[in-house]
Amino acid sequence: KQTEGTRNYQSMLEKRWKDTADTVVIGGGCVGVSLVYHLAKAGVKDVVLLEKSELTAGSTWHAAGLTTYYHPGINMKKIHYYSIKLYEKLEKETGQAVGFHQPGSIRIASTPVRVDELKYQMTRTHWHPTPQFLIEPEKIQELFPLLNINKVLAGLYNPGDGHIDPYSLTMALAAGARMYGAEIYNPAPVTGLTPTSNGKWDVQTPQGTLRANRIVNAAGFWAREVGKLIGLEHPTIPVHHQYVVTATVPEVKALKTELPVIRDLEGSYYLRQERDGLLFGPYEKEHKMVLQDSWFRDGVPPGFGKELFESDLDRIMEHVECAMEMVPVLKNADIINIVSGPITYSPDLLPMVGPHQDVRNYWTAIGFGYGIIHAGGVGKFLSDWIVNEEPPYDLIECDPNRYSKWTNEAYVCAKARESYGFNNVVGYPKEERFAGRPTHRVSGIYHLLKPRASMGFHTGWEQPHWFYKPGDDVGYKPSFRRTNWFEPVGRECRLVMEKVGVIDLTPFGKFMVQGKDSVKLLDRLFANVVPKRGTTNISHMLTLTGKVYAEVTVTQLAEGGFLLITGSGSELHDLRWIEKEAIEGNYDVEVTNVTEDVGVLGVAGPRSRVVLQKLTDQDMSDSSFKFLHCKSIQVAGVPLRAIRISYTGELGWELYMGSKHTATVYQALMKAGQEDGIDDFGTYAMSSLRLEKGFRGWGAEMNCDTNPLEAGLDYFIKLNKPADFIGKKALQQIKAQGLKRKLAYLTMQTDEVDPEGNETIWFNNKVVGNTTSGAYSYNTQQSLAFGYLPIELCTLGQQVEVELLGKKYTATVTQEPLVLTEPTRTRLQKKSHNVDNSRKSAATLQAITSGSSFGLLKNEGCYVNSLGCAFSYLPVFGCENKGDCCSPKNSLNYDHLII
């Protein structure tokens, strides 16, 4: 009978079968079904989902179904928020029950550090619509009367959180998808994927072949096998996750309202009500958890779909005991079920969502450790991206292109173990995790720097954050307040301001673009003009709606030959965008990724010219080697390209050489610079220095949530250039309509805590904005931050409040920059004969020539930078200060000096 039924179903499927589709989604778990639902609802025709066996097979069917507004990241909060709002109305929309319970949830803090963590998360949430509250033990007891409150210090409460039945959710989404016109075929396993010359795909199944405009891999723990069909090795791996279900607990049954979900952060488990009993699931430490690593190597066993692993209560007993102590009624509860099933993990526990680099029209929605809460939001996010041809908001932390060939089996296994074991670890700012490191992505001087550096991890690369000296408190010691790196970073900032420092910049993403259409392509991609041969500029790639997709340093090395430099975290993210435009625009160009072939050293500080001149025959003087110029030179006998630019804002060069020569050049620099006080500096110092100079950072001040005009990037956006660059029309409209918010430069005095970015900004007890990045300014002895504010609050001198660890600190909108860049100081010095001999001019000349003190001067009762308000780094903030220091008669027009 089963065979006959299967034959009948296959016959029905063949009758419905379509030969073509706009989008084919592979995988019928809650994520894949959510995507076809959203695509069909958005009006996309010919959407097809292929499921190898039955919907929910894999991880969806056995999931615990937790839903929460909370996420420690910023962008993922939007995913969670949308999912919950969708699930609240899905039953009414589709007529299918979803079993959605919303009793709320509480994260339990039982140590002072955990209380700090909750306060840290509160300031990162106030500027989002997410409902979230910091509550006292008494309120926690009221909400969860069965809790042992003795060790509880505080809780993070999210009303609206809860749990949903994963099977019912998926079936409701499927009903909605069909209602809006999507087709769902099962059983329809994908047996082959063949790309066509025009970017489409032939998708082979036993029922026939589908020609699709694009395919989306949403195959859960089969994702690697789908990827292998086209030669990709996706870094996903199944882990064994267990949860325990009890029989009826009398004390639970007697309650009149459902208990909120609790997450005991120190005990590392979640617990919720399941009918009249309880369900709790722990996350074991990395040395105890179990990976299904054989699936990584050999694939999922044929026929596995709705099976489970053998449970192991002993493995989680430590957490069971913690749960019994926190919820004493568990001690007498009978266990009726232990579910142990496969959950897919990525190395960093975030999913891989979006189009894949180097494979046209291949998208992924894979690696979901928390697929139920992510399904709704990710389905909407991807649908919007596919329909509108750009991401609806910034979600680069989930970009599938953050991984590449460096994610081998050893790395994936080590990181998955670590990520699982760290599920409830304290989430400090500037967090580092060390499993699986280093990968093969190390620079030529890594082994020279490692013994004395605190290393950070950037897309597979090791890069120094800061350096140790004898007597320093060494090692990784995270904190929510200033910690062991604070003084050493100040030392490195002084080094760059007063002497000369060297930084390893090898992790930069580096691309070569050449060919007869290279200028035409870059003119289309970038909002800035294409730099002339031998020169460099900062350029931005925009989306169709005028958002900042990327910031790139562009250098024309030879006629039609360009070097493009981007940040390490956006290497393949940016490369994919460039390649897509090159192919779709039919440009005759060759784009080559040379990231791992080229080493980069940054040399910065007032003595950098002196040191380099000792090692090269090239005249390094200002007249011979101008700012933003590039030359082919030899340093210590090594041929390289030198670009006069530095993200520190000080006199400096970036040196690009074959990676095998990096150590030779580094050692020569350190030897030649001994009498000049040369030393190393890291990325923490560079971050502080760039903020003092008012330099923006991609991913912080600008991203796919912001347009360049509100980010203060006007100087780099050439709306009058002839080329129709991507986003030009949208920007013209934005400019005509006027801005509603702008990026403000904020200074503040704090106590042992500094802004990091993404903190809430308050005015008159109302949330008005958020910071984007922040640091301590060692040169001006105060905290700095960039932040977005309503246009009416961007007046110089305006005071707002920035929330840090539950305390609000007064912040002042200040003229930027606090410290003038070296090229500006040099140019002003050359033109100083044009400045009259006023009291202000004397102070100006003193500041220019001293070269070491660029603090704030108090002039006529208003704080300005040492050259007055007229000398702004970027013109977006006009001088609105009414003091004499800013009056036209005392201010020279140096707009032409702006960098």
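Residues numbered from 1 in each chain as written. Predicted model: local features only at pLDDT ≥ 70, side-chain atom pairs only at ≥ 80, totals over all residues. Heavy atoms only, no water.

J.: I keep staring at the overall build of the protein and nothing clicks. Help me out?
T.: A tally of helices and strands in the protein yields 22 helices and 39 strands. Relative to the globule expectation of 29 Å for 899 residues, the C-alpha radius of gyration of the protein, 29 Å, shows essentially globular dimensions. Seen through its C-alpha atoms, the protein measures out along the principal axes to roughly 100 × 65 × 55 Å. By residue count, 61% of the 899 residues in the protein fall in the buried class. (Helix = DSSP H or I, 4+ residues; strand = E, 2+ residues; numbered from the N terminus. Rg over C-alpha atoms; globule rule 2.2 N^0.38 Å. Buried < 20%, exposed > 50% of the residue type's maximum accessible area, 1.4 Å probe, protein only.)

J.: Sorry if this is basic, but what is going on with the packing of aromatic side chains here?
T.: For any pair of aromatic rings, the description rests on two quantities: the centre-to-centre distance and the angle between the ring planes. With the rule as written, the count across this model stands at 34 aromatic pairs. Both rings, one in Tyr345 and one in Tyr420, keep their centres 5.6 Å apart while their planes meet at 50°; by these two values the pair is tilted. Here Tyr345 is found in strand β16 (residues 335-345), whereas its partner Tyr420 is found in helix α12 (residues 409-421), with 75 residues between them in sequence. On the basis of relative accessibility, which here comes to 1%, the residue Tyr420 falls in the buried class. One aromatic cluster is present, built from ring pairs that chain together Phe221, Trp222, Trp295, Phe304 and Phe309. A cation over a ring is seen here: Arg224 above Phe296, with NZ or CZ 3.6 Å from the ring centre. Taking the ring centre of Tyr788 as reference, the NZ or CZ of Arg741 above it sits at 4.0 Å. (Phe/Tyr/Trp six-rings, centres within 6.5 Å; stacked < 30°, edge-to-face > 60°. Lys NZ or Arg CZ within 6 Å of the ring centre and 35° of its normal.)

J.: Help me understand the pattern of salt bridges, please; the structure alone is not making it clear to me.
T.: Should their charged atoms come close, side chains of opposite charge can pair. For the structure on display, the rule yields 52 salt bridges. Among the salt bridges present, the one from Lys41 reaches Glu93, with a minimum N-O distance of 3.2 Å. One end of the pair, Lys41, is in helix α2 (residues 30-41); the other, Glu93, is in helix α3 (residues 76-94), with 52 residues separating them in the sequence. Residue classification places Lys41 among the partly exposed residues on the basis of a relative accessible area of 39%. When the shortest N-O distance is used, the salt bridge between Glu581 and Arg524 registers 3.5 Å. Here Arg524 lies in helix α15 (residues 518-525) and Glu581 lies in helix α16 (residues 571-584), a separation of 57 residues in the sequence. (Salt bridge = Lys/Arg side-chain N within 4 Å of Asp/Glu carboxyl O.)

J.: Even after reading the chapter, I still don't get the confidence of the model for the protein, so can you show me in this structure?
T.: Do not read the predicted coordinates in detail wherever pLDDT is low. On average, residues of the protein score 91 in pLDDT, and 91% of them reach the 70 mark or higher. For residues 836-899, every residue scores under 50 in pLDDT, and the model assigns this stretch 122 contacts once sequence neighbours within four places are set aside. (pLDDT = per-residue confidence, 0-100. Contact = heavy atoms within 4.5 Å.)

J.: Any chance you could explain the sheet that holds strand β25 (residues 561-566) here in plain terms?
T.: Adjacent strands of a sheet form backbone hydrogen bonds with each other and so pair up, either parallel or antiparallel. Spatially, 5 strands are ordered β23-β24-β25-β22-β26 in an open sheet, and the strand pairing comes out antiparallel. Of all strands in the sheet, those bounded by a partner on one side alone are β23 (536-542) and β26 (590-593). The sheet shows a mean angle of 30° between the axes of neighbouring strands, direction not considered. For strand β22 (residues 509-514) and β26, the ladder comprises 4 bridges, and the chain directions are antiparallel. Within β26, the position partnered with Gln514 by the bridge is Glu590. Against the sheet, α16 touches β22, β23, β24 (548-558), β25 and β26, its axis set at about 75° to β24. (Pairing = 2+ DSSP bridges. Axes fitted to C-alpha atoms, helices over the stretch in contact; angles between N-to-C directions.)

J.: Help me understand the environment of Lys380, please; the structure alone is not making it clear to me.
T.: Here Lys380 lies in helix α11 (residues 371-388). Accessibility expressed as a relative area gives 31% for Lys380, which makes it partly exposed. Placed 119 residues apart in sequence, Lys380 and Val261 show a C-alpha to C-alpha distance of 26 Å. With residues up to four places along the chain from it excluded, the contact list for Lys380 reads His38 and Tyr82.

J.: What is the right way to read the packing of α3 against helix α6 (residues 166-179) from this model?
T.: Geometry of a packed helix pair, given as the angle between the helix axes and the separation of the axes. Between α3 and α6, the shortest axis-to-axis distance is 10 Å and the interhelical angle comes to 55°. With respect to α6, the element α3 is oriented oblique. Relative to α6, the crossing made by α3 is left-handed. Where α3 abuts α6, its residues Leu86, Tyr87, Leu90, Glu93 and Thr94 lie against Leu169, Ala172, Leu173, Ala175, Gly176 and Met179. A class-by-class count of the residues in the contact of α3 with α6 yields 8 nonpolar, 2 polar and 1 charged. (Parallel < 35°, antiparallel > 145°, perpendicular 65-115°, else oblique. Left-handed = near helix turned anticlockwise from the far one by under 90°. Nonpolar A, V, L, I, M, F, W, Y, C, P; charged D, E, K, R; others polar.)

J.: Explain the pairing of strand β17 (residues 352-355) here, please?
T.: Bridge count between β17 and strand β18 (residues 362-366): 4 bridges; the pairing is antiparallel. The partner of Pro355 across the bridge, within β18, is Trp363. Taken together, β17 and the strand that follows it, β18, pair antiparallel across an intervening segment of 6 residues, in which Asp358 is found at a positive phi of about 75°.

J.: Teacher, can you tell me more about the packing of helix α14 (residues 486-498) against helix α19 (residues 683-692) here?
T.: Where α14 meets α19, the closest approach of the two axes is 9 Å, and the angle between their N-to-C directions is 65°. Crossing handedness for the pair α14 and α19: right-handed. Side by side, α14 and α19 meet where Val489, Glu492, Cys493, Val496 and Met497 of the first sit next to Tyr684, Ala685, Ser688 and Leu689 of the second. For the contact of α14 with α19, the residue count by class is 7 nonpolar, 1 polar and 1 charged.

J.: Teacher, can you tell me more about the sheet that holds strand β34 (residues 766-777) here?
T.: Around the barrel, 6 strands lie side by side as β32-β35-β34-β33-β36-β37; this closed barrel has antiparallel pairing. Along the sheet, successive strands turn relative to each other by an average axial angle of 45°, direction set aside. Pairing between strand β33 (residues 760-763) and β34: 4 bridges, direction antiparallel. Opposite Ile761, over in β34, you have Gly769 as the bridge partner.

J.: Can you walk me through the UniProt feature "domain: FAD dependent oxidoreductase central" (unreviewed entry) in the protein in this structure?
T.: Mapped onto this structure's residue numbering, the UniProt feature "domain: FAD dependent oxidoreductase central" (unreviewed entry) falls at residues 390-440. Counted over residues 390-440, helix gives 25% and strand 0%. Its end C-alpha atoms are 32 Å apart. (UniProt positions renumbered as here; feature names shortened; annotations may be inferred.)

J.: Just checking my understanding: could you explain the layout of surface pockets for this structure?
T.: Empty space among the atoms becomes apparent when a probe as large as a water molecule is rolled across them. The calculated volume of the second largest pocket comes to roughly 690 Å³. Every residue lining the second largest pocket is counted, 30 residues in all, and those nearest its centre are Gln357, Tyr403, Ser404, Lys405 and Leu572. For the lining of the second largest pocket, the element with the most residues is α16, which contributes 3 residues. Taken together, the residues of the lining of the second largest pocket sort by class into 11 nonpolar, 11 polar and 8 charged. (1 Å grid on protein atoms, 1.4 Å probe; cavity = no way out; pocket = protein on both sides within 12 Å on 5 of 7 lines; lining within 4 Å. Points joined across faces, edges and corners; volume = space filled by probe spheres on them.)

J.: Even after reading the chapter, I still don't get the nonpolar core, so can you show me in this structure?
T.: One broad trend across soluble globular proteins is that nonpolar side chains are buried collectively. Counting residues in hydrophobic clusters, the biggest one holds 53 residues, and the most contacted among them are Trp485, Val489, Tyr656, Phe681, Phe725, Leu731 and Tyr778. Element by element, the count of residues in this core is highest for α14, at 6 residues. When sequence neighbours within four positions are dropped, the list of residues in contact with Trp485 reads Lys430, Trp466, Tyr684 and Tyr778. Membership of the second largest hydrophobic core comes to 49 residues, among which are Leu49, Tyr69, Val378 and Phe381. (Core = buried A, V, L, I, M, F, W, Y, C linked by side-chain atoms within 4.5 Å.)

J.: Would you mind showing me how to read the UniProt feature "domain: FAD dependent oxidoreductase" (unreviewed entry) in the protein here?
T.: According to UniProt, the "domain: FAD dependent oxidoreductase" (unreviewed entry) feature falls on residues 22-385. In this annotation, residues 22-385 is assigned 29% helix and 26% strand; the end-to-end C-alpha distance for the span is 14 Å.

J.: I'm lost on the side chain of Glu803 in this one. Help?
T.: Mapped onto the secondary structure, Glu803 falls in strand β36 (residues 799-804). Comment: no salt bridge for buried Glu803; closest opposite-charge side chain is Lys808, at 6.1 Å. Look past the residues within four positions of Glu803 in its chain and what remains in contact with it is Met122, Thr123, His126, Glu759, Thr760, Trp762 and Lys808. (Lys, Arg positive; Asp, Glu negative; His and termini not counted.)

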